[in-house]
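Structural overview
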Amino acid sequence: MANSTARKWRPAPAASRLTVHHELKVPFEVIEVDMNGQHRTPEYMKFQSFSQIPYIDDSGFILYETRAICRYLAANYSASGLIPTEPKTNALFEQATSVELTHFDLSTCKAG
Ligand SMILES: N[C@@H](CCC(=O)N[C@@H](CS)C(=O)NCC(=O)O)C(=O)O
């Protein structure tokens, strides 16, 4: 599966990114970000243009947006089909991800 190169990951309070890493057994390193302003520095914004957490640095491949990160990890590191391909099962998966985005994402960030 994955190579053993360390991945740097700036986490949001939401657990979804950690859950996918854990589920796929992809090794990662959590980098703490001081939310009192570190995420608004030019140095940070080179990697996340919108001053938000999280982004990943996967051996130099920079990616932000939580769901894009989760899908990338699933596509790149999963041999077990974390995202279903059968049309009806996939539709239910997409339904669940839409519900998560539209009904829970903002509250999860506020709770963090
Ligand atoms: N659409 C983004 C949203 C990320 C987001 O809203 N992150 C919050 C923390 S949960 C953040 O970085 N907020 C910056 C701030 O509060 O200044 C994603 O899914 O990654």
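Residue positions within a chain follow its written sequence, with the count starting from 1. Since the coordinates come from a predicted model, pLDDT governs what is reported: local features require at least 70, and pairs of side-chain atoms require 80 or more to be given and counted, while whole-chain, interface and lining totals use all residues.

Going by the annotation in an unreviewed UniProt entry, the name recorded for the protein chain is glutathione transferase, with Mycena venus given as the source organism.

**Observations concerning the environment of Ile-31**
To qualify as a helix, a DSSP run of H or I must reach at least 4 residues; to qualify as a strand, a run of E must reach at least 2; elements of each kind are numbered from the N terminus. The residue Ile-31 is located in the loop between strand 2 (29-30) and helix 2 (42-45) in this model. The exposure scheme places C-beta atoms from the backbone and then counts, for each residue, the other C-beta atoms within 10 Å of its own, assigning buried at 20 or more, exposed at 12 or fewer, and partly exposed in between. Under the C-beta neighbour-count criterion, Ile-31 is labelled partly exposed, with 13 such atoms within 10 Å. The spatial distance from the C-alpha of Ile-31 to the C-alpha of Ile-56 is 9.8 Å, given a sequence separation of 25 residues.

**Details of the nonpolar core**
Nonpolar cores are built from buried Ala, Val, Leu, Ile, Met, Phe, Trp, Tyr and Cys residues. These are joined into a set through C-beta atoms within 7 Å. In this structure, Val-20, Leu-24, Tyr-55, Ile-56, Ile-69, Cys-70, Leu-73 and Tyr-77 together form the largest nonpolar core, which totals eight residues. If you list the elements that add at least two residues to this core, you get helix 1 (16-24), strand 3 (55-58) and helix 3 (66-77). No other element matches helix 3, which puts four residues into this core. Contact between two residues is assigned whenever their backbone-derived C-beta positions fall within 7 Å. Each residue touching Leu-73, except ones within four places of it in the same chain, is listed here: Val-20, His-21, Leu-24 and Val-26.

**Description of the packing of helix 1 against helix 3**
Axes, fitted as lines to C-alpha atoms, cover a helix only where it is in contact. Angles between the N-to-C directions of the axes lie from 0 to 180 degrees. In the contact formed by helix 1 and helix 3, the axes pass within 9 Å of each other and the chain directions differ by 5°. With respect to each other, helix 1 and helix 3 are oriented roughly parallel. On helix 3, the residues touching Ser-16, Arg-17, Val-20, His-21 and Leu-24 of helix 1 are Thr-66, Ile-69, Cys-70, Leu-73, Ala-74 and Tyr-77. Each residue gets one of three labels, nonpolar for Ala, Val, Leu, Ile, Met, Phe, Trp, Tyr, Cys and Pro, charged for Asp, Glu, Lys and Arg, and polar for the others, Gly among them. In the contact of helix 1 with helix 3, the residues fall into seven nonpolar, three polar and one charged. Geometric relationships in this document are graded by angle, where less than 35 degrees denotes roughly parallel, more than 145 denotes roughly antiparallel, 65 to 115 denotes roughly perpendicular, and other angles denote oblique.

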